[in-house]
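Descriptive structure summary
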There are 4 protein chains.
Amino acid sequence: MTAPQFSLPYRVMYYDTDMGGVVHNLAYLRWVEEARTKMSEALGMDYVTLAREKNQHCVLVHHDVTYLSPALPFDDVVVNGWVERAENASIYFLFEVRRPSDNTLCVIVRQRLALVQMPQGRVLRIPKEWKALAAPAQTSDH
Amino acid sequence: MTAPQFSLPYRVMYYDTDMGGVVHNLAYLRWVEEARTKMSEALGMDYVTLAREKNQHCVLVHHDVTYLSPALPFDDVVVNGWVERAENASIYFLFEVRRPSDNTLCVIVRQRLALVQMPQGRVLRIPKEWKALAAPAQTSDH
Amino acid sequence: MTAPQFSLPYRVMYYDTDMGGVVHNLAYLRWVEEARTKMSEALGMDYVTLAREKNQHCVLVHHDVTYLSPALPFDDVVVNGWVERAENASIYFLFEVRRPSDNTLCVIVRQRLALVQMPQGRVLRIPKEWKALAAPAQTSDH
Amino acid sequence: MTAPQFSLPYRVMYYDTDMGGVVHNLAYLRWVEEARTKMSEALGMDYVTLAREKNQHCVLVHHDVTYLSPALPFDDVVVNGWVERAENASIYFLFEVRRPSDNTLCVIVRQRLALVQMPQGRVLRIPKEWKALAAPAQTSDH
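Predicted model only: the values in this text are computed from it and were never measured.

Here we take up the overall build of chain A. A tally of regular secondary structure across chain A gives 3 helices and 6 strands. Listed by position from the N terminus, the elements making up chain A come as β-α-α-β-β-β-β-β-α. Taken against the 2.2 N^0.38 rule, which gives 14 Å for 142 residues, the C-alpha radius of gyration of chain A at 16 Å falls within 12% of a compact globule. Considered along the principal axes of its C-alpha atoms, chain A spans approximately 40 × 30 × 25 Å. Evaluated residue by residue, chain A yields a buried proportion of 60% over its 142 residues. Expressed as a percentage of contacts within chain A between residues at least 6 apart in sequence, the contacts between residues at least 24 apart total 67%. Surface summary for chain A: the accessible area is close to 5800 Å², and the carbon and sulfur share equals 50%.

Rendered as structure tokens:
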């Protein structure tokens, strides 16, 4: 496993949990969106400019989520992220949510996104600078 | 208490609850938004047309929320709503969340909204037809 | 495609949308949870009793979500659901979100759940009555 | 206005926004919960221990929220917090959400919370150490 390209620390809040006493499955996906957004910016993608000035947005086309072990109330977790690869019309990300205190792997998320011109919804070409950012996690164990 | 102008039945979902084993405080406000939206439409407000064709939106200016008794997992609750009054630039709603099975009053929400022209954020005059919809709950006990 | 075992009508709310002017990807998954919960109950699964009396919960183990076409503000959509199959420790669901007005297929969701004893997190055997509920959508086109 | 006792920086995400192109009213309240939780811990309240070991939770009894000016997509905002005062059965917080880039005051939130023993819901006495934390914002302009 190569080192993550971005790591977001996150503290589990009440609103992340449910009556089962663990984190609700939707909460992890919010954390992943935060990690993806901040990673994209850290890597130099100009998605903020594209959204603000051109109404172009990175939208989720597909994701595949595996829930391995629940994060618990008040846990300090980390969301690790990688840009797996980019094609003409798609960019692929991998994220994992881990609890560092015992190195538990909680959730694995694979996402495919497209860059879309709103409001028409037309799919745009992925900028070539974005393709250069790929640093796959090189793992076959997920 | 006058009869509600609108009643929305709601079933408590896992995502509405938290680790305390009760409904999370934010969930009630989602239900109230659903009730307000559906009540507005049932009463004949043309907010969908205003939003779609003119980019004019009813936005929340103030709300005051009292949490009296928690709703519980899988409860069947009801959100009752009233248009309290309307002024030139504001429309006031009252909502209560109740559990009919034991008539528990769970939450009371008072909201003031304005009609706003986006993207500028300019406050518009409340349509006079909306003012005619007011049917205050005539209660002083909240 | 066999007829859905359950159909949940849903009206798109403001809180379901985002700045792109379409429904946010997480909102569909809330609707699917509502559909799955109500379908489970309609089909006779006793998950409410299991949760309340035994602290046993159906938890998401894996889901695979394909976003085909966005639902739009104020759309009336429907979430159709099927129990695909059940094994000793897993039950598989298929959901689709459609906009009936133009029969657009918006989102496809495949989910695998387990029945878990909380707070230990021990995986339980799927009740045999649940296995009898399977009515696969018999489609290979997703 | 006295200096805040805690300040949480926050970056506006897609899931915080709605079709109006601004932050949805519920999102601010999530940020405030995050700020309150982290402030409580920073000030030395032992709410994590109380929740984990005694099933005692700080629950919202009342809040009053004024929306003055919307936060916008990708804004960097800050949530400032104060413990206003504490009584035998209640603790009062004040929060404001500001956009530092132009010092816009977006939202003001006043909250009253109680410490509650779950699952009975019995209201407990506020710990005397918590009372000593009050540092009211000493403002009359809200």
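Still more to cover.
Turning next to the interface of chain A and chain C. Between chain A and chain C, the residue contacts involve 20 residues of the former and 20 residues of the latter. Summed over the three residues of chain A that lose the most area to chain C, namely A:Leu26, A:His63 and A:Tyr67, the buried surface amounts to 26% of that side. Taken together, the links from chain A to chain C amount to 0 salt bridges. For the pair chain A and chain C, the number of links is 10 residue pairs in polar contact (both at pLDDT 80 or more). Secondary structure elements with two or more residues in the side of chain A that touches chain C: α1 (25-42) and β2 (56-67) of chain A. It is β2(A) that provides the largest number of residues to the side of chain A that touches chain C, a total of 9 residues. Its residues assigned to classes, the side of chain A that touches chain C shows 10 nonpolar, 7 polar and 3 charged.

Below, the discussion takes up the relation of the copies chain A and chain C. Expressed as a screw operation, the relation of chain A to chain C combines 0.0 Å of axial shift with a rotation of 180 degrees, fitting to an RMSD of 0.0 Å. On this basis, the relationship between the two copies can be described by a two-fold rotation axis. Scanning chain A for the C-alpha nearest the rotation axis identifies A:Asp64, at a separation of 2.2 Å. Looking at chain A, 100% of its interface residues are interface residues in chain C too, so the copies touch through the same face.

Attention now goes to the pairing of strand β2 (residues 56-67) of chain C. Pairing of β2(A) with β2(C) involves 5 bridges; the strand directions are antiparallel. If you follow A:His63 over to β2(C), its bridge partner there is C:Val65. Sheet topology note: the β2(C)/strand β5 (residues 104-117) of chain C ladder contains 11 bridges and is antiparallel. Among the inter-strand pairings, C:Tyr67 is bridged to a residue of β5(C), identified as C:Val107.

Of the transformation placing chain C onto chain B, the axial shift is 0.0 Å and the rotation is 180 degrees, giving an RMSD of 0.0 Å. Taken together, the interface assignments show that 100% of the residues at the interface of chain C recur at the interface of chain B, consistent with an identical surface on both copies.

Here we take up the pattern of salt bridges. Applying the stated criterion to the full structure yields 36 salt bridges over all chains. A:Glu41 is paired through a salt bridge with D:Arg11; the nearest N and O atoms lie 2.3 Å apart. With A:Glu41 in helix α1 and D:Arg11 in strand β1 (residues 6-11), this pair bridges two chains. Relative accessible area serves as the criterion here: at 35%, A:Glu41 is assigned to the partly exposed category. In this structure, D:Glu87 engages D:Arg85 in a salt bridge whose closest nitrogen and oxygen atoms are separated by 3.3 Å. Residue D:Glu87 is classed as partly exposed on the basis of its relative accessible area of 33%. Salt bridges sharing partners connect three or more residues here, namely A:Arg11, A:Asp76 and D:Glu41.

The subject of this paragraph is the confidence of the model for chain A. In low-pLDDT segments, the atomic positions of the prediction should not be examined closely. Overall, the predicted model of chain A reaches an average pLDDT of 94, with 96% of residues at or above 70. This complex was scored by the predictor with a pTM of 0.95 and an ipTM of 0.94.

Of the residues lining the interface, 18 residues belong to chain C; the matching set on chain B comes to 18 residues. Of the roughly 1800 Å² buried where chain C meets chain B, counting both sides, 58% is carbon and sulfur surface. For chain C, the biggest contributors to the area lost against chain B are C:Tyr14, C:Tyr15 and C:Phe74; these three give 31% of the whole. Our count for the contact surface shared by chain C and chain B stands at 10 residue pairs in polar contact (both at pLDDT 80 or more). Tallying contributions element by element places helix α1 (residues 25-42) of chain C first for the side of chain C that touches chain B, with 6 residues. Taken together, the residues that form the side of chain C that touches chain B break down as 8 nonpolar, 2 polar and 8 charged.

Bringing α1(A) into the picture now. Residues and elements named next belong to chain A. Compared with the 26 Å implied by 1.5 Å per residue over 18 residues, the 26 Å span of α1 between its first and last C-alpha is a close match. With 15 of 18 residues buried, α1 lies mostly within the body of the structure. Gly44 occupies a position one or two residues after α1 and carries a positive phi of about 100 degrees.

This part is about the environment of D:Val61. Structurally, the position occupied by D:Val61 is in strand β2 (residues 56-67). What makes D:Val61 buried here is its relative accessible area of 19%. Linking D:Val61 and D:Leu113, residues 52 residues apart in sequence, is a C-alpha distance of 5.1 Å. When near neighbours in sequence (up to four residues on either side) are disregarded, D:Val61 contacts B:Val65, B:Thr66, B:Tyr67, D:Arg112, D:Leu113 and D:Ala114.

A:Tyr28, A:Trp31, A:Ile91, C:Tyr28, C:Trp31 and C:Ile91 are the most contacted members of the largest nonpolar core, which totals 76 residues. Excluding anything up to four places from it in sequence, C:Trp31 contacts C:Leu8, C:Tyr10, C:Val12, C:Asp16, C:Val23, C:Ala71, C:Val77, C:Val79 and C:Val97. Counting residues in hydrophobic clusters, the runner-up holds 75 residues, among them B:Ala27, B:Val97, D:Leu26 and D:Leu113.

Moving on, we get to the environment of B:Val48. Tracing the backbone shows B:Val48 in helix α2 (residues 47-54). Look at B:Val48 and you get buried, because its relative accessible area is 11%. The spacing of B:Val48 and B:Thr37 is 11 residues in sequence and 9.3 Å in space, taken between C-alpha atoms. Apart from the residues within four sequence positions on either side, B:Val48 is in contact with B:Glu41, C:Arg11 and C:Phe74.

As a further point, take the environment of B:Asn80. Residue and element names in this part refer to chain B. Relative to the helices and strands, Asn80 resides in strand β3 (residues 76-86). Separated by 17 residues in the primary sequence, Asn80 and Val97 have C-alpha atoms spaced 6.5 Å apart. When neighbours within four sequence positions are excluded, Asn80 is seen to be in contact with Pro4, Phe6, Ser7, Leu94, Phe95, Glu96 and Arg98. At 2.6 Å, the side chain of Asn80 and the side chain of Ser7 are in polar contact.

The rules behind each value
Residues numbered from 1 in each chain as written. Chains lettered and ligands numbered in written order. Predicted model: local features only at pLDDT ≥ 70, side-chain atom pairs only at ≥ 80, totals over all residues. Heavy atoms only, no water. Helix = DSSP H or I, 4+ residues; strand = E, 2+ residues; numbered from the N terminus. Rg over C-alpha atoms; globule rule 2.2 N^0.38 Å. Buried < 20%, exposed > 50% of the residue type's maximum accessible area, 1.4 Å probe, protein only. Contact = heavy atoms within 4.5 Å. Areas by Shrake-Rupley, 256 points an atom, 1.4 Å probe, with all protein chains shown as cover. Buried area = accessible area lost by both parts, 1.4 Å probe. Salt bridge = Lys/Arg side-chain N within 4 Å of Asp/Glu carboxyl O. Polar contact = N/O pair within 3.5 Å; in protein donor to acceptor, adjacent residues only side chain to side chain. Nonpolar A, V, L, I, M, F, W, Y, C, P; charged D, E, K, R; others polar. Least-squares fit on C-alpha atoms with pLDDT ≥ 70 in both. Pairing = 2+ DSSP bridges. pLDDT = per-residue confidence, 0-100. Expected span 1.5 Å × (residues − 1). Core = buried A, V, L, I, M, F, W, Y, C linked by side-chain atoms within 4.5 Å.

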